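# Reading the structure
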Amino acid sequence: YASRLLKSKGVEDVLQFAELCSIDSEVKVHIFGDLKEASKDVKNRIATLQAKKKIVFHGFRDIEFILEKAAFAFYPTKYREGIPRFLIQGVRAGMIPVCTPVAGCKDILQNTESHVYVDVNEFLKFIERLSYYDLKTMGYHNQRVFRDQYASDVVFPSFCSAIGV
C-alpha cells in the first residue's frame, strides 16, 4: 500500500487485512505514506501493528526497492482521481493490483486477467476470491500490458504525434 494514510484512501482496509494475517505468515504487509495527514487512530494502529510485526511501515519514501518482491498492490481508494503512479509501478513490476473500480484505476486496468476489483468497504472480500485467480499468469500479463501500452518507447512517439512534433 502506498498512498496518503487516510480512511478515504483505504488505509483502514489495509490495516484490517494486516490484523487478520498471522505473525508467522509469509504475508508481509508493507505500508508507504506520510503520517502527517493520518488520524490519531490510524497512527496508533500503525504503531501497534508494527510492534506486533504484522506490518512493515516505511513512511514516505521511494517504493522501487519493494516492487519486484511484492505480489499485490493494494489501492482501495474511494476517490475518483487520475491514474495512480503506484499502480503503474506495480503493473510494470508484475504486481497484481487489488483496488476499487474508480476512475484512474479503471483506466489502467481494463480486463479481468490483470487485477482484482473490490467494492468500496468490501476490500477483505478479495481474500475469499483469491483461490480463483492464477496469480503468476496475472503478474506476467501486467508486465506485458505495461510494455505494450505504457513503456516510454510507446508513449513518447504518441505524445509527440499528439502535439505535432
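Throughout what follows, the structure given in this document is the object of discussion. These numbers were taken from a predicted model, which means no experiment stands behind them.

Here the focus is the pairing of strand β3 (residues 72-75). Here β3 shows no split at all, with Phe-72 and Phe-74 on one side and Ala-73 and Tyr-75 on the other all buried. Relative to strand β4 (residues 96-99), β3 is paired through four bridges, and the arrangement is parallel. Bridge assignment links Phe-74 to a residue of β4, and that residue is Val-98. In the classification by handedness, the crossover that spans β3, the intervening helix α4 (residues 85-93) and the parallel β4 is right-handed.

As a further point, take the packing of aromatic side chains. All chains considered together, the criterion is met by three aromatic pairs. Between Phe-17 and Phe-74 the ring centres are 5.2 Å apart and the planes differ by 70 degrees, which places this aromatic pair in the edge-to-face class. Of this pair, Phe-17 sits in helix α1 (residues 11-20) while Phe-74 is found in strand β3, placing the two residues 57 residues apart along the sequence. A residue is classified by how much of its surface remains accessible, and Phe-17, at 9% relative accessible area, is buried. Of the residues examined, Phe-74 reaches a relative accessible area of 8% and is grouped as buried. Ring centres of Phe-32 and Phe-65 lie 6.0 Å apart, and the angle between their planes is 65 degrees; on these two criteria the pair is classed as edge-to-face. You can see Phe-32 sitting in strand β1 (residues 29-32) and its partner Phe-65 sitting in helix α3 (residues 64-67), a full 33 residues away along the chain. Relative accessible area serves as the criterion here: at 5%, Phe-32 is assigned to the buried category. Classification of Phe-65 by relative accessible area gives partly exposed; the value is 34%. Members of the aromatic cluster, joined through ring pairs, are Phe-17, Phe-72 and Phe-74.

A few words now on the nonpolar core. Most often, soluble globular proteins have nonpolar side chains that are buried together. Leu-5, Ile-31, Phe-74, Phe-123 and Phe-126 are the most contacted members of the largest nonpolar core, which has 26 residues in total. Ranked by the residues each element gives to this core, the list is headed by α1, at five residues. Leave out the neighbours within four places in its chain, and Ile-31 touches Tyr-1, Leu-5, Val-14, Leu-15, Ile-55, Val-56, Phe-57, His-58 and Gly-59.

Right, let's get into the sheet that holds β3. Taken in spatial order, the three strands of this open sheet run β3-β4-β5, and their pairing is parallel. Each edge of the open sheet carries a strand with a single partner, namely β3 and β5 (116-117). Examined bridge by bridge, β4 and β5 share two bridges and lie parallel to one another. Residue pairing across strands places Cys-99 opposite Tyr-117, the latter belonging to β5. Each of β3 and β4 is contacted by α4, which is oriented at about 165 degrees to β3, the strand it contacts most.

Criteria and cut-off values
- Residues numbered from 1 in each chain as written.
- Predicted model: local features only at pLDDT ≥ 70, side-chain atom pairs only at ≥ 80, totals over all residues.
- Heavy atoms only, no water.
- Buried < 20%, exposed > 50% of the residue type's maximum accessible area, 1.4 Å probe, protein only.
- Helix = DSSP H or I, 4+ residues; strand = E, 2+ residues; numbered from the N terminus.
- Pairing = 2+ DSSP bridges.
- Right-handed = clockwise from strand over helix to strand, strands pointing away.
- Phe/Tyr/Trp six-rings, centres within 6.5 Å; stacked < 30°, edge-to-face > 60°.
- Core = buried A, V, L, I, M, F, W, Y, C linked by side-chain atoms within 4.5 Å.
- Contact = heavy atoms within 4.5 Å.
- Axes fitted to C-alpha atoms, helices over the stretch in contact; angles between N-to-C directions.

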